[in-house]
Amino acid sequence: MLRYLLGRLWQSLILLVLVSMIGFAVLNLAPGGPLSQYALTPGMTQETLDRIAEQMGLNRPLPIQYLDWLWHLLQGDWGRSYRDSQPVLGIITGHLFATLLLMGSSTVLSIAVGTWVGIKGATKRYSIFDYSATVGAMVALSIPTFWFGLVAIYVFSLELKWLPAGNMYTIGNGSISDYAIHLIMPTVVLALVNVAVWSRYMRTATLDVINQDFVRTAKAKGLSERRVLMKHVIGNALLPMITLAGLQLPTILGGALVTETVFTWPGMGRLFLDSLGYNDYPVVMGLLMFSAILVLFGSLIADLLVAFVDPRIRLS
Amino acid sequence: MSAIVSVPGSGKSHWWQSRTFRRFARHRLAMIGLIMITVLTLACVIGPYLLPFDELYIDLRARFAPPLTGYHIFGTDPLGRDLAARLFMAGRISLLVGFFAMLLSTIIGTVIGVCAGYYGGRIGAALMRFVDAFLSFPSIFLLLALAAFIKPSPFMITVIIAVTSWMEIARIVEAEVRSLRERDFVLAARMLGLSNSWIMFRELLPNAIGPIIVAATLTVARAILLEAYVSFLGYGIQPPLPSWGNMLNGAQQYLDRAPWLAIVPGVAITLAVTSFNFIGDGLRDALDARSDLN
């Protein structure tokens, strides 16, 4: 167990280094590199640019620059926004809550619905329900999230006027129920893709478990179908789902970005697009790195959770 | 394709007689997908010649015409341009970007996967960790950052989409090649003195063609979606060149007045992507030799 834990931690560390290298490479792809913001200043000369480059240490060899950048990153110094000179890390964590709220509620919804659809599909294999769930999942995976959002706004906000078309709360209100009403549509829109993925995997996992010897034994003991399902099948089928939840994190985060844009949700995704619009590269880069770290952290937690829950790993 | 799945002793047979092809032809969803994408592609290729409107022709008297107004079957946009003409021209761009992004990402993924699987050891591990690192970024974040930094043209968008979606194929190819690396036929090829690259691409790679075709088909679906996302957000294909994604870009502000602006291109995207997902699913079932045993 300890060996596994250390191995997994070491792996995450290596990935973190590789992720930072990719991030640094992307940063240097920015037009004019990190100097681009100064190049736009009226009356800027090449001489002054060179001097700024020297002050910022941009004339040093790239590997040195990279290590320096990484060192600051590790200390929590992620640079300052070009827009309002606020520290990047502070801006990002300020938008974290809205995104986590959206991702959290959407994940809960998709796990609940996906688990139910997956188990029902597996136990009633090749039924009409199973078939339509399979086709439905494939269609759901093909619908662009933002377009689904637009259609939802058109139907539920503009035509039926049931739900607000955007934002996280009404200005001057901000009660829990107000938050909840604003949360409904983005949550469902973001959950669509994940319900599809989750139900597919849950179906496969349930089928795997159903065909195992211990399930046959449980049935042979005379347990009812329902009891076998509740006590022996679901728990075991959910185990690989923890890993899947970790693997799905980049997709959910990416989906959150698009969903936030459509619903003017004040999270990291909106911040990312706003920053792109202002050429605010430090914030863009910060968000890129932050999301990758969030994903690495999430999959690490998922793996540790599996190791903790699964006796085959825990006791090895 | 028949060579991959031909059964020993089946003698000389045509590809359409192969079990794989027959299984694929029997797959109802795959056939639906094939028909949908054929119709859609034909509409995009031929459609613009049949319509009496140019996709860039601005007619301010015909602004916001709802669908089925005169010859405007899908209506017009805020500038009075015919939506059908724009949709078909946009389809050309979106489908081409999707296809070439698939081609490029398949090449990148295959080369990296074959190298990682064949050499294994440190090189293989390093390459695969690199794949993992790429997968840690939400692809839309990476895609948008790159698209904002690099001047977007249809060519560059294709490259950027490919750069952010080759990892799946690399993983599939690596696993396949790694499992075959120690087989006797590879040993024989080595003893014959064949070069590493010959063994990698002529001996090992053909064995992975099935999974690669499936993954490539699903990558077209993914690439069309990604193009739609970046273009919708304003960093993809730039107007006046229409794409399905950028047609939706301005649609949100006219949602109450002209909902067809949002609905029509969205349906086109969904149809195209669904088609490729259906076809990919059919290919997976057809190429999986085990599916006959069930």
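As the structure is a prediction and not an experimental result, all values here were calculated from the model. (Residues numbered from 1 in each chain as written. Chains lettered and ligands numbered in written order. Predicted model: local features only at pLDDT ≥ 70, side-chain atom pairs only at ≥ 80, totals over all residues. Heavy atoms only, no water.)

S.K.: What is the right way to read the domain arrangement of chain A from this model?
M.R.: How big an interface is tends to be stated in terms of accessible area lost as the parts join. Residue and element names in this part refer to chain A. Taken domain by domain, chain A consists of domain 1 (2–74) and domain 2 (94–146 + 184–309). The C-alpha-based centres of domain 1 and domain 2 are spaced at 33 Å. Counting residues at the interface gives 17 residues for domain 1 and 12 residues for domain 2. Buried area between domain 1 and domain 2, both sides added, is near 1,200 Å², and the carbon and sulfur share of it is 82%. Linking domain 1 with domain 2 are one salt bridge. Salt-bridge contacts for arginine 8 lead to aspartate 303; the nearest nitrogen and oxygen are separated by 2.5 Å. Counting every contact that joins domain 1 to domain 2 gives one residue pair in polar contact (both at pLDDT 80 or more). For the side of domain 1 that touches domain 2, the secondary-structure elements that each account for two or more residues are helix 1 (2–27) and helix 4 (62–74). Considering only residue class, the side of domain 1 that touches domain 2 consists of 12 nonpolar, four polar and one charged. (Domains from an automatic or database assignment. Contact = heavy atoms within 4.5 Å. Buried area = accessible area lost by both parts, 1.4 Å probe. Salt bridge = Lys/Arg side-chain N within 4 Å of Asp/Glu carboxyl O. Polar contact = N/O pair within 3.5 Å; in protein donor to acceptor, adjacent residues only side chain to side chain. Helix = DSSP H or I, 4+ residues; strand = E, 2+ residues; numbered from the N terminus. Nonpolar A, V, L, I, M, F, W, Y, C, P; charged D, E, K, R; others polar.)

S.K.: What is the right way to look at the UniProt feature "domain: ABC transmembrane type-1" (unreviewed entry) in chain B in this model?
M.R.: Summarizing the sequence annotation, UniProt attributes the feature "domain: ABC transmembrane type-1" (unreviewed entry) to residues 91–280 of chain B in the numbering used throughout. This span, residues 91–280 of chain B, is 78% helix and 0% strand, and a straight line between its end C-alpha atoms measures 20 Å. (UniProt positions renumbered as here; feature names shortened; annotations may be inferred.)

S.K.: Please explain the packing of aromatic side chains as it appears in this structure.
M.R.: Each aromatic ring pair is summarised here by two numbers: the centre-to-centre distance and the angle between the ring planes. A complete count under the given rule lists 13 aromatic pairs over all chains for this structure. Look at phenylalanine 146 of chain A and tyrosine 229 of chain B: their rings are 5.4 Å apart centre to centre, the planes differ by 70°, and that puts the pair in the edge-to-face class. Here the residue phenylalanine 146 of chain A occupies a position in helix 7 (residues 145–159), and tyrosine 229 of chain B occupies one in helix 11 (residues 209–232), the pair thus bridging two chains. Neither phenylalanine 146 of chain A nor tyrosine 229 of chain B differs from the other in exposure class; each is buried. Measuring from ring centre to ring centre gives 5.3 Å for tyrosine 118 of chain B and tyrosine 119 of chain B, while their planes differ by 70°; the resulting arrangement is edge-to-face. An aromatic cluster of at least three residues, connected via ring pairs, comprises Phe24, Tyr66 and Trp69 of chain A. When the ring centre of phenylalanine 129 of chain A is taken as origin, the NZ or CZ atom of lysine 120 of chain A, which lies over that ring, is 4.6 Å away. (Phe/Tyr/Trp six-rings, centres within 6.5 Å; stacked < 30°, edge-to-face > 60°. Buried < 20%, exposed > 50% of the residue type's maximum accessible area, 1.4 Å probe, protein only. Lys NZ or Arg CZ within 6 Å of the ring centre and 35° of its normal.)

S.K.: Any chance you could explain the UniProt feature "transmembrane region" (unreviewed entry) in chain B here in plain terms?
M.R.: Residues and elements named next belong to chain B. Residues given the UniProt feature "transmembrane region" (unreviewed entry) here are residues 29–51, 93–118, 130–149, 155–173, 213–237 and 258–279. As annotated, residues 130–149 comprises 90% helix and 0% strand, and the C-alpha atoms at either end are separated by 22 Å. Structurally, residues 258–279 is divided into 91% helix and 0% strand, and its ends, taken at the C-alpha atoms, are 33 Å apart.

S.K.: Would you take a moment to explain the UniProt feature "transmembrane region" (unreviewed entry) in chain A for this structure?
M.R.: All names here are of chain A. When the UniProt feature table is mapped onto this chain numbering, "transmembrane region" (unreviewed entry) sits at residues 12–30, 96–119, 131–156, 176–197, 237–263 and 283–309. Annotation note: span residues 96–119, helix share 100%, strand share 0%, distance between end C-alpha atoms 33 Å. Annotated as residues 283–309, this span is 100% helix and 0% strand, and its ends, taken at the C-alpha atoms, are 38 Å apart.

S.K.: How do you make sense of the packing of helix 2 (residues 19–26) of chain B against helix 13 (residues 260–287) of chain B when you look at a structure like this?
M.R.: For any two helices packed against each other, the geometry is given by the interaxial angle and the distance between the axes. Residue and element names in this part refer to chain B. For the pair helix 2 and helix 13, interaxial distance at closest approach is 8 Å and the crossing angle is 140°. Here helix 2 lies oblique to helix 13, going by the angle between them. Viewed along their axes, helix 2 and helix 13 form a crossing whose handedness is right-handed. Two secondary-structure elements touch here, helix 2 through Thr20, Arg23 and Phe24 and helix 13 through Ile279, Gly282, Leu283, Asp285, Ala286 and Leu287. Its residues assigned to classes, the contact of helix 2 with helix 13 shows five nonpolar, two polar and two charged. (Axes fitted to C-alpha atoms, helices over the stretch in contact; angles between N-to-C directions. Parallel < 35°, antiparallel > 145°, perpendicular 65-115°, else oblique. Left-handed = near helix turned anticlockwise from the far one by under 90°.)

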